[in-house]
Amino acid sequence: MPSSRTARAAFAVAAIAGLAAAPLTACSTSGSGDGKVTITFLTGSDVTNATTAKDLIAGFQAQNPDITVKVDSQSGGSSADNAVKTKLATDTMDDVFYYNSGSLFQALNADTKLVNLSDQAWAGTLEADFKRVVSTSKGLYGAPLGTSLAGGVMYNRDVYKRLNLSVPKDWAEFLANSQKIKAAGITAVEQTFGDTWTSQILILADFANITAQSAAWADDYTANKAKYATQPALASFEHLADLKKNGLLNADFASAKNDAGLKAVAEGTAGHYPMLSSLISTVKQNSPDKIDNIGFFPLPADNAADTRLTVWEPSALYIPRTTTGAKLDAAKKFVAFALSKEGCDIQNKDLTPSGPYVTSACALPKDVPSLLNDMTPYFQQKLTGPALEFLSPVKGPNLENIAVQVGSGISAAKDGAALYDDDVKKQAQQLGLKGW
């Protein structure tokens, strides 16, 4: 699979995915004798992150006049992860920093380099899945900033209502719904392989269904003990192949672009579109009068009991162990402020929501697209699971091209899955993972 950073950039979710940025400087000013203290906060230099940081700091300092927070920022890039690791290794990290959750977090040596925040009041408000991707067996280290997003199926509400269809609980029901949509003269499932990154959404969005059947699958995959060419993961490729095999795709699936796919499902010329929830922002921009025509459900598993919503978790705020004394107290207060009512209000104002929050401390605004509210019950019923990239560093660079082959009927599902298993091998070896 593509790297966390590459995938999120391609999927236009940079606002909540975060930037693994290293500071231009890491000057952390000590507290003064008059009780005042200055801390630094590392975040991304893009407009969204800069605006959010500015507003969080202004709100925090208004409540804490004896604490000054200085922003330290830099754009992301291929060297950003190493830069963050270097800053932590050389004890020059800012007092609070914003960074990825999941597999990239796991490479930070959290138990020795980060402050355990499990005793903070806000820790009890976190969703279990998010805790999983910012924790080790020894502690919890991150506080979420921004909302989640999910992979699943966008569907047209009007088409479903007109054809008297219900949200499918399993793959057979999804195919049955699709056949009824096709019989009504409407494209059943939109695909947009002209933007090749969209070809892999169905496979990525199926991952929570895999872990519902095999909780340790990601760990086994990382250890080279689980493969996509065998079940339960093979089903992801089989489902992708089913769509072309059953004649359910739009005629121009090979060349269509993402914007056209979003327009099709918004206007009802397509019934379904496998996609990320974050792309509702594009619909809001291009088809604002159609935005609430779009609903959302998880990619159905073969068995209804295994159907889960696959979630891309937000990035988080962390505190390095080099932050001590009065600065540590101030840093903890700043992190807590981000999850306070005032901090949540700032997030709602500055960040474009792409799914539910992963903390009960924050709530989505009432005027969000209805698609986002469709996701909430899965969180409430604990029918969610993190995307693979949050649980394993193993990702192959050619998934989208392999998915195009399978989704176009060029390669059989099992052959495509085997190609992908081979694709990830070199990357796993470069990471020095055991068993490869």
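Here the structure is a predicted model, which means the values were calculated and not measured.

Here we take up the overall build of the chain. Broken down by element type, the chain carries 20 helices and 13 strands. Taking 436 residues into account, the globule formula puts the C-alpha radius of gyration at 22 Å, and the chain, at 22 Å, falls close to it. Expressed as lengths along the three principal axes of its C-alpha atoms, the size of the chain is roughly 75 × 50 × 35 Å. Across the 436 residues of the chain, 57% fall into the buried class. In the chain, once contacts between residues fewer than 6 apart in sequence are set aside, the share between residues at least 24 apart is 78%. Element-wise, carbon and sulfur atoms account for 50% of the exposed surface of the chain, whose accessible area totals about 16900 Å². For the chain, the centre of its 39 positive side-chain charges and the centre of its 43 negative side-chain charges are spaced 2 Å apart.

Okay, the pattern of salt bridges next. Counted by the stated rule, this structure contains nine salt bridges. We note a salt bridge from K327 to D95, for which the minimum N-O separation is 3.4 Å. Taken as a pair, K327 in helix α16 (residues 325–338) and D95 in the loop between α4 (80–89) and β3 (96–99) lie far apart in primary sequence, 232 residues in all. Across this residue pair, the class does not change: K327 and D95 are buried. In this structure, K341 and D345 form a salt bridge, with 3.0 Å as the shortest nitrogen-oxygen distance. Taken together, the residues K341 and D345, both in helix α17 (residues 341–350) and four residues apart, mark about one turn of the helix. Given the relative accessible area of 39%, D345 is considered partly exposed.

A few words now on the packing of helix α13 (residues 234–245) against helix α19 (residues 399–407). α19 packs onto α13 with a crossing angle of 45° between their chain directions and a minimal axis gap of 8 Å. Taken together, the axes of α13 and α19 lie oblique to each other. Contacts between α13 and α19 pair F237, L240, A241 and K244 from the former with L399, I402, A403, V406 and G407 from the latter. Along the lines of polarity and charge, the residues of the contact of α13 with α19 split into seven nonpolar, one polar and one charged.

Before going further, it helps to examine the packing of helix α3 (residues 47–63) against α16. Running from N to C, α3 and α16 point in directions that differ by 115°, and their axes come no closer than 10 Å. Pair α3 / α16 crosses with right-handed handedness. Contact residues: α3 offers L56, I57, G59, F60 and Q63, while α16 offers A330, K333, F334, F337 and A338. Within the contact of α3 with α16, the residues separate by chemical class into seven nonpolar, two polar and one charged.

Summarising the element assignment, N258 is placed in helix α14 (residues 258–267). Judged by its relative accessible area of 6%, N258 is buried. Filtering out sequence-adjacent residues up to four positions away, N258 remains in contact with T192, D195, W197, T198, Y273, M275 and L279.

Take the nonpolar core next. Ranked by size, the top nonpolar core spans 130 residues in total, and within it F97, M154, Y228 and F237 carry the most contacts. No other element matches the seven residues that α16 contributes to this core. Excluding its chain neighbours within four sequence positions, the residues that come into contact with F237 are I203, Y228, L399, I402, V406, A413, G416, A417 and Y420.

All right, on to the confidence of the model for the chain then. Chain-level statistics for the chain give a pLDDT mean of 92 and a share of 91% at 70 or above. Confidence over residues 1–30 falls short of pLDDT 50; this stretch has 102 contacts with residues more than four positions distant or in other chains.

Disulfide: a covalent bond connecting the sulfur atoms of a pair of cysteines. Under the criterion given, the structure shown has one disulfide. Across the disulfide from C344 sits C362; the S-S distance is 1.9 Å. Its torsion about the S-S bond being -70°, the disulfide of C344 and C362 is classed as left-handed. You can see C344 sitting in helix α17 and its partner C362 sitting in the loop between α17 and α18 (370–380), a full 18 residues away along the chain. With respect to class, C344 is no different from C362; both count as buried.

Here five strands make up an open sheet; going across it, the order is β2-β1-β3-β12-β6 and the pairing mixed. Only two strands of the sheet have a single neighbouring strand rather than two, namely β2 (67–73) and β6 (143–144). Bridge count for strand β1 (residues 37–43) against β2 is seven bridges, and the pairing is parallel. Across the sheet, the residue bridging to L42 is D72, located in β2. Packed onto the sheet, α16 meets β1, β2, β3, β6 and β12 (316–318) and runs at close to 50° relative to β1.

Helical periodicity: at 3.6 residues per turn, an α-helix aligns residues three or four positions apart in one direction. The set of residues buried in α18 consists of S370, L371, L372, D374, M375, Y378 and F379. For α18, the secondary structure elements touched by its buried residues are β7 (149–156), α8 (157–162), α15 (280–286), β10 (294–297), β11 (309–312) and β13 (384–386). Just downstream of α18 lies K382, where phi reads positive at about 60°.

Criteria and cut-off values
Residues numbered from 1 in each chain as written. Predicted model: local features only at pLDDT ≥ 70, side-chain atom pairs only at ≥ 80, totals over all residues. Heavy atoms only, no water. Helix = DSSP H or I, 4+ residues; strand = E, 2+ residues; numbered from the N terminus. Rg over C-alpha atoms; globule rule 2.2 N^0.38 Å. Buried < 20%, exposed > 50% of the residue type's maximum accessible area, 1.4 Å probe, protein only. Contact = heavy atoms within 4.5 Å. Areas by Shrake-Rupley, 256 points an atom, 1.4 Å probe, with all protein chains shown as cover. Lys, Arg positive; Asp, Glu negative; His and termini not counted. Charge placed at Lys NZ, Arg CZ, Asp CG, Glu CD. Salt bridge = Lys/Arg side-chain N within 4 Å of Asp/Glu carboxyl O. Axes fitted to C-alpha atoms, helices over the stretch in contact; angles between N-to-C directions. Parallel < 35°, antiparallel > 145°, perpendicular 65-115°, else oblique. Nonpolar A, V, L, I, M, F, W, Y, C, P; charged D, E, K, R; others polar. Left-handed = near helix turned anticlockwise from the far one by under 90°. Core = buried A, V, L, I, M, F, W, Y, C linked by side-chain atoms within 4.5 Å. pLDDT = per-residue confidence, 0-100. Disulfide = S-S within 2.5 Å. Pairing = 2+ DSSP bridges.

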